[in-house]
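# Architecture and fold: a report
Listed here are the chains, written in short residue letters.
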Amino acid sequence: MFAKNRILDSARQISRHQLTPLAVLAVLLFLAATAGAQARPRGTLLKGSASCATCRLVLLPVATISDTRISFSALEVFVASERASGFIIGNSFGEVARYSAAGSFRSYLGQRGRGPREFLRPFFAALGPADSVFIADREARRIAVFGAQGRPARSLPIGNLFELLLLPDSRIVYSGVGHDPKSGTHSLHLHASNGQHIRSNGVPSTAAHRPNLVTTARLLAPTLDGSFLAATVRRYTIELWDTGLNLREVIVREVQWFPALADDAPFDLPNRKPMPSTLIGLLGSAQSPTVYPVIRKGAAKFVADKKLDGATGELGASQYPTGAALNRYVDTIVEAIDIPSRTVLATNTLKGGYFPVLGSVTSTGTPLLWRYAESSDGSDQIEIFALRLVR
């Protein structure tokens with residue numbers, strides 16, 4: 001009864017913000033899924049174009065990485081910022097390496113295998129205290145922790161992880177399907193620094209809401225007050241959570257170019273016409289009030305390739321373009337949102353497929369993006385850019 005009254009009370013509250021029926025439904029779904037929490041989250045609607053007439057987002061080149069001692073042609077590649085010392089790049093072949101700030105190869109952190117310096121499917125990297133590095137391995141279901149000199153320190157068991165965030169007190173939050181039986185099938189999980197499970201929350205996976213990375217995916221970013229944001233991939237919705245894993249607020253961004261997707265809709269096939277918009281990154285830090293969502297959508301001047309799939313020219317999952325070929329099919333939209341005032345400051349559409357550099361705002365104070373580019377010999381290279389908000 002308490003949970004039912006809580007949802008009804010919250011519905012009355014969010015109605016005062018004049019949310020559209022679709023936005024109200026999205027908020028109520030989150031409230032219903034977290035009805036056991038004590039706090040009553042409120043709903044906020046961010047609608048339409050940016051409110052700052054003089055604000056704009058510009059890209060500035062930072063580095064080009066053409067050394068291919070690890071492959072850039074894997075289906076999954078990630079780039080993480082390692083403060084002023086450079087970048088960590090990994091791929092789904094199990095290769096992880098360090099590169100300098102200028103883009104030159106420094107050292108391997110690991111290669112494919114099951115040993116202490118080996119990975120099966122590394123997916124995400126984050127910087128920890130004292131320049132330690134946390135690397136999440138989706139297939140091995142563990143987080144490998146390295147010391148400042150790149151030596152293996154410890155290994156922590158995890159579930160089917162999508163994204164990882166280290167809180168200021170060294171506790172770990174990750175999104176995905178939990179490893180510990182007490183986590184149930186919720187999509188957000190809080191663990192102690194030693195890996196012990198503390199609590200899980202978020203949208204549960206039921207028979208109608210299957211426990212896979214598509215339906216449980218959330219992007220994570222820290223905030224000024226030490227808590228964190230979680231953004232759903234399929235709906236442009238940003239949740240504000242406290243460090244006890246309680247949902248405090250749901251912000252719904254309503255724009256024409258990001259219609260909400262049903263949970264059973266095909267996910268992220270860039271040659272679909274039209275391709276669904278999806279959130280692929282959420283860049284923020286505990287030192288900045290601004291968060292930068294990164295959205296991928298179908299290219300504005302998309303031309304189907306008849307060689308790919310007969311008459312339709314659409315890609316199947318097995319034909320997903322990798323490397324610089326991705327730029328032909330997608331565009332990227334980046335926004336700057338001031339969280340304290342709940343205001344959209346600027347929006348910019350970039351031609352091609354840009355990705356967030358993980359942890360870049362926290363480690364450098366500047367959001368960084370990267371993209372594939374084709375080198376003079378036809379091989380793939382990685383270009384890194386700083387994203388600057390000009391007021």
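As a starting point, this report considers the structure included with it. (Residues numbered from 1 in each chain as written. Predicted model: local features only at pLDDT ≥ 70, side-chain atom pairs only at ≥ 80, totals over all residues. Heavy atoms only, no water.)

Let us look at the nonpolar core. Among soluble globular proteins, nonpolar side chains are generally buried collectively. The biggest cluster of nonpolar side chains holds 49 residues, and the ones touching the most others in it are Ile143 and Leu164. In terms of residue count, strand β8 (residues 122–127) provides more of this core than any other element does, 5 residues in total. Those residues in contact with leucine 164 that sit more than four places away from it in its chain are Phe124, Ala126, Phe134, Ile143, Ile172, Val173, Tyr174 and Leu220. Ranked by size, the runner-up nonpolar core spans 24 residues in total, among them Val77, Tyr329, Val357 and Leu368. (Core = buried A, V, L, I, M, F, W, Y, C linked by side-chain atoms within 4.5 Å. Buried < 20%, exposed > 50% of the residue type's maximum accessible area, 1.4 Å probe, protein only. Helix = DSSP H or I, 4+ residues; strand = E, 2+ residues; numbered from the N terminus. Contact = heavy atoms within 4.5 Å.)

A few words now on the environment of leucine 166. Relative to the elements of secondary structure, leucine 166 occurs in strand β12 (residues 160–166). If near-sequence neighbours (up to four positions away) are discounted, leucine 166 is found in contact with Ala126, Leu127, Gly128, Phe134, Arg171 and Ile172.

Taken as a whole and assessed by the stated rule, the structure comprises 14 salt bridges. Of the charged contacts in the structure, one is a salt bridge between arginine 218 and glutamate 239, with a shortest N-O distance of 2.7 Å. Taken together, the residues arginine 218 in strand β16 (residues 218–222) and glutamate 239 in strand β18 (residues 237–241) connect sequence positions 21 residues apart. Take arginine 218 and glutamate 239: they sit in the same class, and that class is buried. (Salt bridge = Lys/Arg side-chain N within 4 Å of Asp/Glu carboxyl O.)

Attention shifts here to the sheet that holds strand β24 (residues 354–356). Ordered in space as β2-β26-β25-β24, the 4 strands form an open sheet in which the pairing is antiparallel. Both edges of this open sheet fall to β2 (56–65) and β24, since each of them pairs with a single strand only. Taking the axes of each pair of neighbouring strands and ignoring which way they run, one obtains an average angle of 35° across the sheet. In terms of strand pairing, strand β25 (residues 368–374) meets strand β26 (residues 380–390) through 7 bridges, oriented antiparallel. Opposite alanine 373, over in β26, you have glutamine 381 as the bridge partner. (Pairing = 2+ DSSP bridges. Axes fitted to C-alpha atoms, helices over the stretch in contact; angles between N-to-C directions.)

All quantities given are derived from atomic positions and should not be read as evidence of function.
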